[in-house]
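Okay, here's what each chain looks like letter by letter:
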Amino acid sequence: MNRNIVLVCSFGLSTSLLVNSMETAAKEAGAQVRIRAIGSNEVPDVVDETDVFLIAPQVRYLLNGIAAHGLPAGVIEGRAYALADGRAALHQALSLLEQGV
Amino acid sequence: MNRNIVLVCSFGLSTSLLVNSMETAAKEAGAQVRIRAIGSNEVPDVVDETDVFLIAPQVRYLLNGIAAHGLPAGVIEGRAYALADGRAALHQALSLLEQGV
Amino acid sequence: MDKLLSFMERTLLPVTAKIVENRYMQAIRNAFIGSALPMIIVGSIFLILAIPPLPDGLHGGWLGRVSEWLTEARPMLMIPYQLTFGLVAFWVCYGVAESLAKHYKMDGGRVGLMAMATLLVFCLPVGVRQHGHLVGLSAISLDRFLDDLGAVGLFVAMLTGIGVAELNRFLLRRGLILKMPPAVPQNVSRSFEMMVPAFLAVGSAFLLEWWATTTWSPQPLDPATALTLPQIVMAKLSFLVQASDTLPSAILQIWLMMLLWAVGIHGMNVVSSVAYPLWQNNLSSNIAELGAGEQATHIVSEPFFHMYAHLGGSGATLPLVFMLLRSHVSQLKQVGRVALVPALFNINEPVVFGVPIALNPILALPLLAAPTVIVTINFLAMHSGLVPVPTVQPPLTMPVFLGGFLADGSWRGTVLQGVDLAVAGLIYYPFFKLYEKKLSHFAAGE
Amino acid sequence: MDKLLSFMERTLLPVTAKIVENRYMQAIRNAFIGSALPMIIVGSIFLILAIPPLPDGLHGGWLGRVSEWLTEARPMLMIPYQLTFGLVAFWVCYGVAESLAKHYKMDGGRVGLMAMATLLVFCLPVGVRQHGHLVGLSAISLDRFLDDLGAVGLFVAMLTGIGVAELNRFLLRRGLILKMPPAVPQNVSRSFEMMVPAFLAVGSAFLLEWWATTTWSPQPLDPATALTLPQIVMAKLSFLVQASDTLPSAILQIWLMMLLWAVGIHGMNVVSSVAYPLWQNNLSSNIAELGAGEQATHIVSEPFFHMYAHLGGSGATLPLVFMLLRSHVSQLKQVGRVALVPALFNINEPVVFGVPIALNPILALPLLAAPTVIVTINFLAMHSGLVPVPTVQPPLTMPVFLGGFLADGSWRGTVLQGVDLAVAGLIYYPFFKLYEKKLSHFAAGE
């Protein structure tokens, strides 16, 4: 079963690199995931189709609000975000999934 | 698993009676179905969540267009539609489902 | 008769399917139902408040003073109507573009706004000179500008909605838009995707308008007389609008509707797909006349059919329901019971398919005849001035008698509905008896 | 410094969350990004076409004739701008209502249209008399009407969008709408559900406008001087708009943005949530001045920050990227490589979180200092007339140099960006070297 990873950012212009790199990392690792980026306002719309939220560091003030939806959620580590380190971000998402809420 | 029955009508004002009566009939028969009515323009939007289409007789000219979506589809028999005969309509839907496309 | 009906069904079904299933027709119907109808009906309510159905010749007394004040304040009180129903083309334009864009899996709201901006450009004459200088929008009157967003602009509005949606689709398909990487959130990427289509839509509308204004306006170009595209198109199509408001046209329309219903196809749906803009034009002209303190004169509009012809549903089947309720054939009585409440709100599918009337060689005749006679009576009554023409469009589920009063703001509308009901009853009765007899025979024969 | 930064983070995070997560702020931001931004940018392009950046004093010759014709045709050529960017409040009003309605799981498009109709009512003075008679919309000029749908009406437009969406939600929750049975298809039932809210929204807007016009307009009431609600509200808030266009305000805004970024919070996002309407007002005033052939004078607008301060991204970090690329610390070099291309399009999250600058006690200082110095230089350069003020809003991803030219239509804008870059580089350089040294120590110590 595919797990849905949703990246939450602001304008999203800087997140696209990370999504691509996470997809590559997932392919290498053979992880069954679907990754997408959304703006913060779209969170309520996608809750039903999400397994874990990753939040971009510059909008990390959204964490509490997003965690309130009862799904695993975490802020992406700054350097992983900055360098579009897909492996680190994927690893973070998968361990959040394992821990559950 | 719930089967989705979708009734297609025009303005839908006359279809509401039939939906209610089909729901009652389904409860009686213990059939696991979800029934809703839509306008003809909404057909493409609901194809993914539909198992069978029932078409109101006054818009039966839509049959070919709807059948083209590759799902079982049929025109509701006039009298069953007129008298809001939920049992007959439910029966028609279930047999269409059995026959498949 | 049986053969004729089944031949008609075979012939009409595919044609109807083509008209109704056509994606542009669908978008236009959706626009009228989804975006314009609330504005039309709410606007109608404001109209009733601005021009209430008070008896003429009220002088002195409390009611007389109210009446005088209303007449004085009319230009002001018309504003809520003018900015809702009065902008019907504006809302339709949005609705057509939104609906078509959704059909193409694009962002309906954004495309709808783009179509609105484009339509606004069409409502200003471009290239007009005053005292020898080219002028912009400051030289145009608000009146004329908003007029174009009303019934006058309906044709252009529908075409604009279609054109803008198609332009978006074309550019999207060819990749001729500012494409963001897939990971950019939708609200941002859509905003960027709109820029090229919006530029082309508004820009080409401006150039088209410039050409149209300078080509078709009376010379020399002057802000007071220069024409906009909506006005030019309406002038070219005015013969259609005028032709639509005649007795032959009314009879042709009701015949088409009833022929389709005779074979059990939703006739109002099919005919209105084509005729709605004409009806809206006639209705709006009436309101303009009323607002100017004149007598409204345009007869054939939506309420002319929905309120005064389709009494109890298409085919004026309300009297038939009462006959069904008192029938000794249990099958018919049962239909009557199910059909009564819907019929009070002008919904008669239970009658059409329950009796049935559809594809019934005996009842097809009065189904055709009753509305035709009624429409003729109504047209003549309104043409002669016995009954005011409809100026308000109540929702189609407005019960009989109440609907007749609301639509023309006069008790005479209610009386007319009563006359119509009696006539329809007289026409249906013999055929109903004949059919009842036939059913009894069958029942006895079994 | 370390302690200060972490204290700021603890303090700012919850405040920021409240501002940005507030549903009204979200709706307003969505409206600007989703509905207004395409119109703003497309309108800016039409503006460039109508008032192209040609050198002054062209006479004779081919270019001179073009220049003369452009000046003569300006009122006409401004139309596409006036009907897109010029109606920014109209689009924002739709966007706010649509976004908020979607947040409440209602039909965004329908609620958006209702808000537009309501806003239109607010843009007409009600209860105005001419020659002793109450007048309607025919007495109002198109100019003034459309003005209210522009920057003047922004505050009222946002409030209208919020108000109409909340009204819909309230009526829906209380069941005070025309409810159709659940089996009726959405497009029909939604249309009926709109009627009560639309009537109340437009009706109460009309009454409110009537009260506002008659109460606040100069007496005696006259179509030429009567005020509308947007004009009244703008007059009350004009001190805010004026205050926003000063050097202290510009410095305060950039300080807030950079303080937030210093702790790694999207500062532009937070500040623009509040300041966007003010920026739009200043920008629109500039364009109005330009259109009238005057000198534009309002400095602090969106492009003032996005084009002239955030060079390479918030904090003017573009020079820093080039330092990174040439660093001997491999970690920094790597960041520079990843950050280069985004930085050319003014996106600098890779720099902020990669170096990192955020929560970095050494680099937080130049992050605050460089933009503050730049903003001061730019403000003074524009205030003194050395460089024209921005009149066009390019997309925020417009590369440096190009953006400076487009925003004010002058090569002087490009030169200013060059100066700014040099200043920013000089300010960053010593701190960068210090940080590099610290990192080398760490690396050596390992």
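So, how was this worked out
Residue positions within a chain follow its written sequence, with the count starting from 1. Chain letters start at A and ligand numbers start at 1, both assigned in the order the entries are written. This being a predicted model, a pLDDT of at least 70 is required before a residue's local features are given, and a value of 80 or more before pairs of side-chain atoms are given or counted; all residues contribute to the totals for chains, interfaces and linings. Values reported for side chains reflect all heavy atoms of the structure, with hydrogen atoms and water molecules removed beforehand. UniProt positions are given in the numbering used here, feature names are shortened, and annotations may be inferred rather than shown by experiment. Note on contacts: a residue pair is in contact if any heavy atoms of the two residues lie within 4.5 Å. By definition, the buried area sums, over both parts, the 1.4 Å-probe accessible area that each loses when the two are put together. By definition, a salt bridge exists where a carboxyl oxygen of Asp or Glu is found within 4 Å of a side-chain nitrogen of Lys or Arg. Polar contacts here mean pairs of N or O atoms no more than 3.5 Å apart (in protein, one a potential hydrogen donor and the other a potential acceptor; neighbouring residues in sequence count only if both atoms are side-chain atoms). A run of H or I in DSSP becomes a helix once it reaches four residues, and a run of E becomes a strand once it reaches two; helices and strands are each numbered from the N terminus. The classification used treats Ala, Val, Leu, Ile, Met, Phe, Trp, Tyr, Cys and Pro as nonpolar, Asp, Glu, Lys and Arg as charged, and all other residues, Gly among them, as polar. The cut-offs for exposure are 20% and 50% of the maximum accessible area for each residue type, with area from a 1.4 Å probe on protein chains only; residues under the lower value are buried, those over the upper are exposed, and the others partly exposed. Two rings from Phe, Tyr or Trp (for Trp, the six-membered ring) form a pair when their centres are within 6.5 Å of each other. A pair whose planes differ by under 30 degrees is stacked, one over 60 is edge-to-face, and the rest are tilted. Lysine and arginine charges are scored as sitting over a ring when NZ or CZ, respectively, is within 6 Å of the ring centre and within 35 degrees of the ring normal. Among buried residues, those of type Ala, Val, Leu, Ile, Met, Phe, Trp, Tyr and Cys that are joined through side-chain atoms within 4.5 Å constitute a nonpolar core. The residues that make up patches have over 30% relative accessible area and no salt bridge, and they are joined within 9 Å when like-charged or within 5 Å when they are Val, Leu, Ile, Met, Phe, Trp or Tyr. With residues, only the protein chains shown are counted as cover, and all accessible areas are computed by Shrake-Rupley using a 1.4 Å probe. Each domain's limits were defined by an automated method or a database of domain assignments. Alignment of the copies relies on least squares applied to C-alpha atoms, considering only residues that score at least 70 for pLDDT in both.

For chain C, the name recorded in an unreviewed UniProt entry is Permease IIC component, with Tumebacillus flagellatus as its organism. The record in UniProt for chain C states the following under Subcellular location (unreviewed entry): "Cell membrane". The UniProt entry for chain C carries the following comment under Function (unreviewed entry): "The phosphoenolpyruvate-dependent sugar phosphotransferase system (PTS), a major carbohydrate active -transport system, catalyzes the phosphorylation of incoming sugar substrates concomitant with their translocation across the cell membrane."

Looking at an unreviewed UniProt entry, one finds chain A named PTS EIIB type-3 domain-containing protein, with Tumebacillus flagellatus as its source organism.

A.B. asks: I tried to follow the interface of chain C and chain D on my own but got confused; where do I start?
C.D. replies: Reports often express the size of an interface as the amount of accessible area lost when the parts come together. With 69 residues of chain C in contact, the opposing surface of chain D contributes 69 residues. Roughly 5,700 Å² is buried in total at the junction of chain C and chain D, and carbon and sulfur atoms are behind 79% of that figure. When the area that chain C buries against chain D is broken down by residue, the three leading residues are Met76(C), Leu137(C) and Leu142(C), summing to 12%. At the junction of chain C with chain D, the criterion picks out four salt bridges. Counting across the interface, chain C meets chain D through nine residue pairs in polar contact (both at pLDDT 80 or more). Here the side of chain C that touches chain D takes twelve residues from helix α2 (residues 23-50) of chain C, the largest share from any one element. Each residue belonging to the side of chain C that touches chain D can be placed in one class, and the counts come to 47 nonpolar, 16 polar and six charged.

A.B. asks: What is the right way to look at the pattern of salt bridges in this model?
C.D. replies: Side chains that carry opposite charge are capable of pairing whenever their charged atoms lie near each other. Summed over the entire model, instances satisfying the criterion amount to 24 salt bridges over all chains. Between Glu98(D) and Lys102(D) there is a salt bridge, with its nearest N and O atoms 3.7 Å apart. Taken together, the residues Glu98(D) and Lys102(D), both in helix α5 (residues 88-103) and four residues apart, mark about one turn of the helix. The exposure class assigned to Glu98(D) is buried, which follows from its relative accessible area of 7%. Asp107(D) serves as the salt-bridge partner of Arg190(D), at 3.4 Å between the closest nitrogen and oxygen. You can see Arg190(D) sitting in helix α9 (residues 186-193) and its partner Asp107(D) sitting in the loop between α5 and α6 (108-122), a full 83 residues away along the chain. The network of salt bridges with common partners includes Glu98(C), Lys102(C), Asp107(D), Arg110(D) and Arg190(D).

A.B. asks: Sorry, what's going on with unusual backbone geometry here?
C.D. replies: Glycine aside, the phi torsion of most residues is negative, and most peptide linkages are trans. In this structure, Pro356(C) follows Val355(C) across a cis peptide bond, with omega equal to -15 degrees. Looking at where Pro356(C) falls in the secondary structure, it is placed in the loop between α17 (349-354) and α18 (364-383). That bond from Gln219(D) to Pro220(D) is cis: its omega, -5 degrees, falls within 30 degrees of zero. Secondary-structure assignment places Pro220(D) in the loop between α10 (195-216) and α11 (229-244). Phi is positive for Ala84(B), close to 50 degrees, though the residue is something other than glycine. One non-glycine residue with positive phi stands out, namely His131(C), at about 50 degrees.

A.B. asks: Could you clarify how one ought to interpret the packing of aromatic side chains in this entry?
C.D. replies: Think of a pair of aromatic rings as described by two things: how far the centres are apart, and how the planes are tilted against each other in angle. Counted by the stated rule, this structure contains 23 aromatic pairs over all chains. On the basis of an interplanar angle of 45 degrees and a centroid distance of 5.4 Å, the ring pair of Trp279(C) and Phe305(C) is categorised as tilted. Taken together, the positions of Trp279(C) in helix α13 (residues 267-291) and Phe305(C) in helix α14 (residues 302-306) put the pair 26 residues apart, joining distant regions of the chain. Residue class for Trp279(C) comes out buried when judged on its relative accessible area of 1%. One aromatic cluster is present, built from ring pairs that chain together Phe32(D), Tyr276(D), Trp279(D), Phe304(D), Phe305(D) and Phe379(D). The ring centre of Tyr104(C) lies 4.0 Å from the NZ or CZ of Arg169(C), which sits over that ring.

A.B. asks: Would you take a moment to explain the arrangement of the chains for this structure?
C.D. replies: For the five pairs of chains in contact, the maximum contact count is reached by chains C and D. At the level of C-alpha atoms, the two units chain A and chain B stay apart, their nearest approach being 15 Å.

A.B. asks: Could you clarify how one ought to interpret the nonpolar core in this entry?
C.D. replies: Within soluble globular proteins, side chains that are nonpolar tend to cluster in buried spots. Ile5(A), Phe53(A), Ile5(B), Phe53(B), Trp91(C) and Trp91(D) are the most contacted members of the largest nonpolar core, which totals 388 residues. Trp91(D) has contacts with Leu113(C), Met116(C), Ala117(C), Leu120(C), Ser35(D), Ala36(D), Met39(D), Leu83(D), Thr84(D) and Met116(D), leaving out every residue within four places of it along the chain.

A.B. asks: Explain a nonpolar patch on the surface to me, please; I cannot follow it from the model alone.
C.D. replies: All names here are of chain C. A contiguous nonpolar patch, built from Phe-322, Val-341, Leu-344 and Phe-345 and spanning about 360 Å² of accessible area, is present on the exposed surface. Take Leu-344: it is sitting in helix α16 (residues 330-344). Using a relative accessible area of 38% as the deciding quantity, one classes Leu-344 as partly exposed.

A.B. asks: Honestly, the UniProt feature "transmembrane region" (unreviewed entry) in chain C in this entry has me stumped. Any pointers?
C.D. replies: The positions that UniProt labels "transmembrane region" (unreviewed entry) are, in the present scheme, residues 31-51, 79-97, 109-129, 149-171, 192-212, 224-242, 254-276 and 307-325 of chain C. Along residues 224-242 of chain C the backbone is 74% helical and 0% strand, and the end-to-end C-alpha distance reaches 25 Å.

A.B. asks: Teacher, can you tell me more about the UniProt feature "modified residue: Phosphocysteine" (unreviewed entry) in chain A here?
C.D. replies: With numbering aligned to this structure, UniProt lists the feature "modified residue: Phosphocysteine" (unreviewed entry) at Cys9(A). Tracing the chain through its elements places Cys9(A) in strand β1 (residues 3-9).

A.B. asks: I would appreciate a short explanation of the domain arrangement of chain C in the present structure.
C.D. replies: Residue and element names in this part refer to chain C. For chain C, the assigned domains read domain 1 (2-230) and domain 2 (247-443). Placing the centre of domain 1 and that of domain 2 at their C-alpha centroids yields a distance of 30 Å. In this assembly, domain 1 packs against domain 2 so that about 2,600 Å² is buried in total across both faces, 77% of it on carbon and sulfur atoms. Considering only the surface of domain 1 that becomes buried against domain 2, Leu-5, Pro-53 and Ala-151 emerge as the three largest contributors, covering 17% of it. Connecting domain 1 to domain 2 are zero salt bridges. In this assembly, domain 1 and domain 2 are joined by three residue pairs in polar contact (both at pLDDT 80 or more). Breaking the side of domain 1 that touches domain 2 down by element, the ones donating at least two residues are α1 (2-21), α2 and α8 (154-173). Partitioning the side of domain 1 that touches domain 2 into residue classes produces 23 nonpolar, two polar and four charged.

A.B. asks: Mind showing me how you'd approach the side chain of His298(D) here?
C.D. replies: Residues and elements named next belong to chain D. Relative to the assigned elements, His-298 resides in the loop between α13 (267-291) and α14 (302-306). The exposure class assigned to His-298 is buried, which follows from its relative accessible area of 18%. A distance of 3.3 Å separates the side chain of His-298 from the side chain of Thr-297, its partner in a polar contact.

A.B. asks: Help me understand the relation of the copies chain C and chain D, please; the structure alone is not making it clear to me.
C.D. replies: The pair of chain copies shares a relation made of a rotation about an axis and a shift along it. Screw-axis analysis of chain C against chain D gives a translation of 0.0 Å along the axis, an RMSD of 0.1 Å, and a rotation angle of 180 degrees. Accordingly, the operation relating the two chain copies is best matched by a two-fold axis. Of every C-alpha in chain C, the one belonging to Leu142(C) sits nearest the axis of rotation, 2.2 Å from it. The fraction of interface residues of chain C whose copies in chain D are also interface residues reaches 100%, indicating that both copies meet through the same surface.

A.B. asks: Even after reading the chapter, I still don't get the interface of chain B and chain C, so can you show me in this structure?
C.D. replies: On the side of chain C, 31 residues touch chain B, which itself brings 21 residues to the contact. For the pair chain B and chain C, the summed buried area comes to about 2,100 Å², and 62% of that belongs to carbon and sulfur atoms. Across the contact surface, chain B and chain C share one salt bridge. Of the charged contacts, one joins Glu9(C) and Arg60(B) as a salt bridge, the two residues approaching to 2.6 Å between their closest N and O atoms. Viewed at the interface, chain C and chain B are joined by six residue pairs in polar contact (both at pLDDT 80 or more). Taken together, the elements giving at least two residues each to the side of chain B that touches chain C come down to α2 (43-46) and α4 (78-82) of chain B. When residues in the side of chain B that touches chain C are grouped by element, the largest group, four residues, is from α4(B). For the side of chain B that touches chain C, the residue count by class is eleven nonpolar, seven polar and three charged.

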